[in-house]
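Listed here are the chains, written in short residue letters.
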Amino acid sequence: MTRRERATAFGPATVGNAAVGFDILGFATDSVGDRVTVRRIDDPTVEIGEISGVVDELPREASKNTATVGLLKIIEDFELSFGFRVDIEKGIDLGSGMGGSAASAVAAVVAAAALIDREFTASELFGYALAGEAVASGAAHGDNVAPCLLGGLTLIRSLVPMEVIQVPVPSSICCVLVKPEIRVDTREARELIPEAFDLPTIVGQTTNLSGFIAGCYRGDLELIGASLKDILIEPHRAPLIKGFSQVRSEALSAGALGCSISGSGPSVFAWCDGEEDGRKVEEAMIQAFADEGVGARGWTAPVNQRGAYLVDRK
Ligand code: HSE
């Protein structure tokens, strides 16, 4: 086999939780993403090279950077005689709730695997990327890593061993993502969640989760809309997002099927029937943030079905 020296991979932005499946459901979007270039170096270590794009400040220590933790583990597990230099181009902002840490972790692992003379299974790539994601958020949850790696809407049945179900998404679904100029730290947003919930809340959220999944399998947009509601986590995190309830209500008035917090926030997502509705909803959401004095930017795009991919390798 030709010795490969360099590979670049792209990891798309993702919406963790998808409103109804805290830590177990997430989907990828065709909006933005991170691009990571990995080069082979002689020493079996990991060096962080250039950091560019929408973020320039990231931990420079490989054991603390979400993109490089998985690579350290790969070197150790396979007793590699060489290491990696990693350049990270961030398309996803830090603390945006758009799966930026997962995108970097997944892209880095996909690029590094392309330099190793061995086929990696999806489950192995998932495990290494998950190790990186855990450094950023303080907990290993796969609802960003799985859709980023595999694409589509993913239901994570088990992290170890990886058991991920790819749930079909009706073809007309268009996703709106709006990122306000607020920063939310995932660790802090997780601390806001109570340890216990009352039974009616659990029953209500279970109903929403099952209705949503059934709606996706049936292609029933009405059922999806009726079910895409988070009564479990959203009420505890909404106070972190100035204007959230107005944004959500404007999104629904403008025709969204459902609207909730993307991951741990502050970004807010909506599912819409078609791009035309999506654009109207995006505009209404950005305006609602503006009315609260919060600047925001948005993307309207289909659900990404491809997941992370190699851009090139040499
Ligand atoms: N499931 C995680 C959380 C996703 O909500 O904390 C973080 O993007």
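Residues numbered from 1 in each chain as written. Predicted model: local features only at pLDDT ≥ 70, side-chain atom pairs only at ≥ 80, totals over all residues. Heavy atoms only, no water.

Colleague: Help me out: how do you make sense of the overall build of the protein in this one?
Modeller: From N to C terminus, the protein includes 10 helices and 11 strands. Taken over the C-alpha trace, the protein has a radius of gyration of 19 Å; the compact-globule value for 314 residues is 20 Å, and the two agree within 12%. Overall, the protein is about 60 × 40 × 40 Å in size when its C-alpha atoms are taken along their principal axes. Across the 314 residues in the protein, those meeting the buried criterion constitute 55%. Within the protein, residue pairs in contact and separated by at least 24 positions form 74% of the contacts whose partners lie at least 6 positions apart. With an accessible surface of roughly 13,200 Å², the protein has 49% of that area assigned to carbon and sulfur atoms. For the protein, the distance from the average site of its 28 positive side-chain charges to the average site of its 43 negative ones is 4 Å. (Helix = DSSP H or I, 4+ residues; strand = E, 2+ residues; numbered from the N terminus. Rg over C-alpha atoms; globule rule 2.2 N^0.38 Å. Buried < 20%, exposed > 50% of the residue type's maximum accessible area, 1.4 Å probe, protein only. Contact = heavy atoms within 4.5 Å. Areas by Shrake-Rupley, 256 points an atom, 1.4 Å probe, with all protein chains shown as cover. Lys, Arg positive; Asp, Glu negative; His and termini not counted. Charge placed at Lys NZ, Arg CZ, Asp CG, Glu CD.)

Colleague: What is the right way to look at empty space enclosed by the protein in this model?
Modeller: As enumerated under the stated definition, the model contains one cavity of 30 Å³ or more in all. Approximately 70 Å³ is the volume attributed to the largest cavity. In terms of lining, the largest cavity is formed by Asn 17, Ala 19, Phe 22, Gln 205, Asp 230, Ile 233, Glu 234, Arg 237, Ser 260, Ile 261 and Gly 263. Elements that contribute at least two residues to the lining of the largest cavity include exactly α8 (234-237) and β8 (258-261). Along the lines of polarity and charge, the residues of the lining of the largest cavity split into four nonpolar, four polar and three charged. (1 Å grid on protein atoms, 1.4 Å probe; cavity = no way out; pocket = protein on both sides within 12 Å on 5 of 7 lines; lining within 4 Å. Points joined across faces, edges and corners; volume = space filled by probe spheres on them. Nonpolar A, V, L, I, M, F, W, Y, C, P; charged D, E, K, R; others polar.)

Colleague: It is not clear to me how the pairing of strand β9 (residues 268-273) should be interpreted in this structure. Could you clarify?
Modeller: Two faces, one strand: in a regular strand the side chains alternate between the faces of the sheet. Most of β9 sits inside the fold, with five of its six residues counted as buried. Relative to β9, strand β7 (residues 173-180) runs antiparallel, the two sharing six bridges. Bridge assignment links Val 176 to a residue of β9, and that residue is Ala 270. Bridge count for β8 against β9 is four bridges, and the pairing is antiparallel. Within the sheet, the bridge partner assigned to Ile 261 lies in β9 and is Val 268. (Pairing = 2+ DSSP bridges.)

Colleague: I tried to follow the packing of aromatic side chains on my own but got confused; where do I start?
Modeller: Each aromatic ring pair is characterised by the separation of its centres together with the angle its planes make. Under the counting rule described, the total for this entry stands at seven aromatic pairs. Taking 5.5 Å as the distance between ring centres and 40° as the angle between the ring planes, the aromatic pair formed by Phe 10 and Tyr 309 counts as tilted. Separated by 299 residues along the polypeptide, Phe 10 in strand β1 (residues 6-16) and Tyr 309 in strand β11 (residues 309-313) bring together distant segments of the chain. Residue classification places Tyr 309 among the partly exposed residues on the basis of a relative accessible area of 24%. (Phe/Tyr/Trp six-rings, centres within 6.5 Å; stacked < 30°, edge-to-face > 60°.)

Colleague: What is the right way to look at the site of the ligand in this model?
Modeller: Residues in close proximity to the ligand include Asn 17, Phe 22, Asp 23, His 141, Asp 143, Asn 144, Thr 186, Arg 190, Arg 237, Gly 263 and Ser 264, which together make up its full environment. In the model, an oxygen atom of the ligand is placed 2.7 Å from a nitrogen or oxygen of the Arg 237 side chain. Here the ligand loses 97% of its free accessible area of 260 Å² to cover by the protein chains. Taken atom by atom, the bulk of the ligand overlaps the largest pocket. Taken together, the residues of the shell around the ligand break down into one nonpolar, six polar and four charged. (Near = heavy atom within 4 Å. Polar contact = N/O pair within 3.5 Å; in protein donor to acceptor, adjacent residues only side chain to side chain. Sits in = over half its atoms within 2 Å of the grid points.)

Colleague: Explain the layout of surface pockets to me, please; I cannot follow it from the model alone.
Modeller: Rolled over the atoms, a probe as big as a water molecule pinpoints where empty space is left. Taken as a whole, the largest pocket holds about 570 Å³ of empty space. Around the largest pocket, the lining comprises 34 residues; the ones closest to its centre are Gly 95, Ser 101, Ala 136, Ser 137 and Thr 186. Elements supplying a minimum of two residues to the lining of the largest pocket: α2 (100-113), α3 (122-137) and α5 (186-191). Sort the elements by how many residues they give to the lining of the largest pocket and α3 lands first, with four residues. In the lining of the largest pocket, the residues fall into eight nonpolar, 15 polar and 11 charged.

Colleague: Which parts of the structure should I look at to understand the side chain of Asp 34?
Modeller: With respect to the secondary-structure elements, Asp 34 resides in strand β2 (residues 25-41). Residue classification places Asp 34 among the buried positions, given a relative accessible area of 0%. Here Asp 34 is in contact with Ala 9, Phe 10, Gly 11, Glu 89, Lys 90, Gly 91, Ile 92, Gly 100, Ala 103, Ser 104 and Ala 107, once residues within four sequence places are set aside.

Colleague: Sorry, what's going on with α2 here?
Modeller: For an α-helix, 3.6 residues make a turn, and residues three or four places apart therefore share a direction. Taking 1.5 Å of rise per residue, the 14 residues of α2 would be expected to cover 20 Å, and the 20 Å separating its terminal C-alpha atoms lies within 8% of that figure. Along α2, 13 of the 14 residues are buried, which leaves the element largely enclosed by surrounding structure. (Expected span 1.5 Å × (residues − 1).)

Colleague: What is the right way to look at unusual backbone geometry in this model?
Modeller: In this structure, Pro 161 follows Val 160 across a cis peptide bond, with omega equal to -5°. Structurally, Pro 161 is set in the loop between β5 (153-158) and β6 (163-167). Here the residue pair Gly 265 and Pro 266 is connected by a cis peptide bond, since its omega of 10° sits within 30 degrees of zero. Note on placement: Pro 266 falls in the loop between β8 and β9. The phi torsion at Ala 18 lies on the positive side, around 45°, for a residue other than glycine. Counting through the fold element by element, Ala 18 comes out in the loop between β1 and β2. A relative accessible area of 1% places Ala 18 in the buried class. The phi dihedral of Asp 23 falls on the positive side, at around 70°, and the residue is not glycine.

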